[in-house]
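# Chains, contacts and geometry: an overview
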Amino acid sequence: MPKYQVKNSKKSPRFSGIRTFMRLESVDPENKGDFKFEDVDFVVVGIPFDTCTTFRVGTRMGPAAIRESSAVVAKPYNPILDVGIFEYCSGVDYGDVGSVPGYVEDSFQVIEDGFHEIFSNGVIPIAMGGDHSVTLPELRACYKTHGPVALIHFDAHFDTVHEYFGKPYTHGTPFYHAAIEGLVDTSKSIQVGIREGLYDITDTRNSLDLGYDFMYAADMHKMSTDEIIKRIKDRVGDAKAFLTFDIDFLDPACAPGTGTPIPGGFTTAQALEIIRGLKDLNIIGYDVVEVSQPYDLTGITAIAAAGLMQEFMSHIAWKKKHNITYDK
């Protein structure tokens, strides 16, 4: 039996207790007690940082909102994948990594250091942002343990702009830097759901010039879910992969609480079906970013994010159930 379990909500009401994701046991990274990384398969980590947002702020409140919603949404048995997460996996809510508000490079270093500890101990992080810039220090940490990884990037935006306002780091630049720093293998990476308007026609070349493949939302809407999944899996192959999910992949009707909503996106049901189809890929890290609770009083954006994170956990459990392993 895995060491760390969720609370039994048939015996303890879901509205009680301190909020952790899915009512997981809480571990303080600064005061771990008897916690050992060897006892877990994954950790849930918040990254409450939005200094790199270019317009609507509020994603620093994302982790708290997702944790709150998870008590309602995320449950330990996944009926579609037919797997009980905590029959096969152990995991904890590992709290939030720190930051230095207003100081981007310093915050990136704090985030990188926090995630390096997780990756180097062979544990899969499931992170909650935060604006999308936080994926860059996550990937820097990942690289130190795993080397270059395939990037599976769900987003309305390319996020491969070279700079904004003469500065290198915003939430629109992380995958430019990830590519030029060699953190990702762009020949096995794919950006999924792109539909942003651009400032200039040359912006359409940024990702291609860096070696990424991508799928426009307009094309995906004409494809079946199976075709989309196959396209992603054919690109990634058996490579180690990091999956990053910007919540604005979803249409604003399904996820209004985000900094840069773009019409023409996908339903939550479509997203969940695509994610489930990637269950057998060698994914060694996940995040969901850009949830901005101040722009969504209904909470449906955070609900969608919590549901996606439950699917990420289910990936890990499904592979263990079916004894799927990969070469180191």
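Residues numbered from 1 in each chain as written. Predicted model: local features only at pLDDT ≥ 70, side-chain atom pairs only at ≥ 80, totals over all residues. Heavy atoms only, no water.

## Brief notes about the environment of Ser-120
In this structure, Ser-120 sits in helix H3 (residues 104–120). In the structure, Ser-120 is positioned 25 residues away from Thr-145 in sequence and 5.6 Å away in space, judged by C-alpha atoms. Polar side-chain contacts of Ser-120 include one of 2.8 Å to the backbone oxygen of His-116. Of note is the side chain of Ser-120, whose polar atom sits 3.2 Å from the backbone oxygen of Glu-117. (Helix = DSSP H or I, 4+ residues; strand = E, 2+ residues; numbered from the N terminus. Polar contact = N/O pair within 3.5 Å; in protein donor to acceptor, adjacent residues only side chain to side chain.)

## Quick word on the packing of helix H1 (residues 62–73) against helix H10 (residues 300–321)
At a minimum axis distance of 8 Å, the contact between H1 and H10 shows a crossing angle of 70°. Accordingly, the angle class assigned to the pair H1 and H10 is roughly perpendicular. The element H1 and its partner H10 pack so that their crossing is right-handed. Counting all contacts with H1, which are made through Ala-65, Ile-66, Ser-69, Ser-70 and Val-73, the residues of H10 involved are Ala-302, Ile-303, Ala-305, Ala-306, Gly-307, Met-309 and Gln-310. (Axes fitted to C-alpha atoms, helices over the stretch in contact; angles between N-to-C directions. Parallel < 35°, antiparallel > 145°, perpendicular 65-115°, else oblique. Left-handed = near helix turned anticlockwise from the far one by under 90°. Contact = heavy atoms within 4.5 Å.)

## Thoughts on the side chain of His-315
Looking at the secondary structure, you find His-315 in helix H10. The residues contacting His-315, other than those within four sequence positions of it, are Ile-275, Arg-276, Leu-278, Lys-279, Ile-283 and Tyr-286.

## Structural notes on the sheet that holds strand S7 (residues 190–194)
The sheet built from eight strands is open, its strands ordered S4-S1-S5-S10-S9-S6-S7-S8 with parallel pairing. Whereas interior strands pair on both sides, the edge strands pair on one side only; in this sheet they are strand S4 (91–96) and strand S8 (213–216). Going from strand to strand, the sheet's axes swing by 15° on average, the running direction of each strand aside. Strand direction decides the pairing type here: strand S6 (residues 150–154) and strand S9 (residues 241–246), joined by five bridges, are parallel. Following the sheet pairing, Phe-154 is matched in S9 by Phe-245. (Pairing = 2+ DSSP bridges.)

## Some details on a nonpolar patch on the surface
On the surface, Val-100, Tyr-103 and Val-110 cluster together to form a nonpolar patch covering roughly 240 Å² of accessible area. Among the structural elements, Tyr-103 can be located in the loop between S4 and H3. (Patch = residues over 30% accessible without salt bridge, like charges linked within 9 Å, V, L, I, M, F, W, Y side chains within 5 Å. Areas by Shrake-Rupley, 256 points an atom, 1.4 Å probe, with all protein chains shown as cover. Salt bridge = Lys/Arg side-chain N within 4 Å of Asp/Glu carboxyl O.)

## Things to note about the packing of helix H9 (residues 268–276) against H10
In the contact formed by H9 and H10, the axes pass within 10 Å of each other and the chain directions differ by 15°. On the basis of their axis angle, the class for H9 and H10 is roughly parallel. H10 is crossed by H9, and the crossing has right-handed handedness. Contact residues: Thr-268, Ala-271, Leu-272, Ile-275 and Arg-276 in H9; Ala-304, Gly-307, Leu-308, Glu-311, Phe-312 and His-315 in H10. Partitioned by chemical class, the residues of the contact of H9 with H10 number six nonpolar, three polar and two charged. (Nonpolar A, V, L, I, M, F, W, Y, C, P; charged D, E, K, R; others polar.)

## Examining unusual backbone geometry
Residue Gly-130 follows Gly-129 across a cis peptide bond; omega there is 15°. Positive phi values are uncommon outside glycine, yet Asp-82 reaches one of about 50°. By relative accessible area, which is 41% here, Asp-82 ends up partly exposed. A positive phi angle, close to 55°, is found at Asn-323, a residue other than glycine. Note on Asn-323: relative accessible area 66%, which makes it exposed. (Buried < 20%, exposed > 50% of the residue type's maximum accessible area, 1.4 Å probe, protein only.)

## Overview of the pairing of S6
Across the five residues of S6, five count as buried, placing the element largely inside the fold. Burial along S6 is two-sided: Ala-150, Ile-152 and Phe-154 and Leu-151 and His-153, pointing in opposite directions, are all buried. Pairing between S6 and S7: three bridges, direction parallel. Its bridge partner being in S7, Phe-154 is matched across the sheet by Val-192. Between the parallel pair S6 and S7, the chain is carried across by helix H5 (residues 174–180), and the sense of this crossover is right-handed. (Right-handed = clockwise from strand over helix to strand, strands pointing away.)

## A short note on the packing of aromatic side chains
Scanning all chains against the criterion turns up 14 aromatic pairs. Summarising the aromatic geometry, the rings of Phe-35 and Phe-37 are spaced 5.2 Å apart at their centres and angled 75° between planes, so their arrangement reads as edge-to-face. Accessibility assignment for this pair places Phe-35 and Phe-37 in one class, buried. Taking the centre distance of 5.3 Å and the plane angle of 65° together, the rings of Phe-108 and Tyr-169 count as edge-to-face. One end of the pair, Phe-108, is in helix H3; the other, Tyr-169, is in the loop between S6 and H5, with 61 residues separating them in the sequence. One exposure class covers both Phe-108 and Tyr-169, and it is buried. (Phe/Tyr/Trp six-rings, centres within 6.5 Å; stacked < 30°, edge-to-face > 60°.)

## A short note on the nonpolar core
With 59 residues, the main nonpolar core has Phe-21, Phe-42, Phe-154 and Phe-245 as its most contacted residues. For this core, the leading source of residues is H10, giving eleven residues. Not counting chain neighbours up to four residues away, the residues in contact with Phe-154 comprise Val-192, Ile-232, Leu-243, Thr-244, Phe-245, Asp-246, Phe-249, Ile-274, Ile-275 and Leu-278. Cys-52, Phe-108, Ala-141 and Phe-242 belong to the second-largest nonpolar core, a separate cluster that totals 39 residues. (Core = buried A, V, L, I, M, F, W, Y, C linked by side-chain atoms within 4.5 Å.)

## A closer look at the pattern of salt bridges
In a structure, side chains of opposite charge can pair up when their charged atoms sit close to one another. One pass over the structure, following the stated rule, counts 13 salt bridges. Among the salt bridges present, the one from Arg-67 reaches Asp-96, with a minimum N-O distance of 3.0 Å. With Arg-67 in helix H1 and Asp-96 in strand S4, this residue pair connects regions lying 29 residues apart in the sequence. We classify Arg-67 as buried; its relative accessible area is 8%. A salt bridge links Arg-276 to Glu-311; the nearest nitrogen and oxygen atoms lie 3.2 Å apart.

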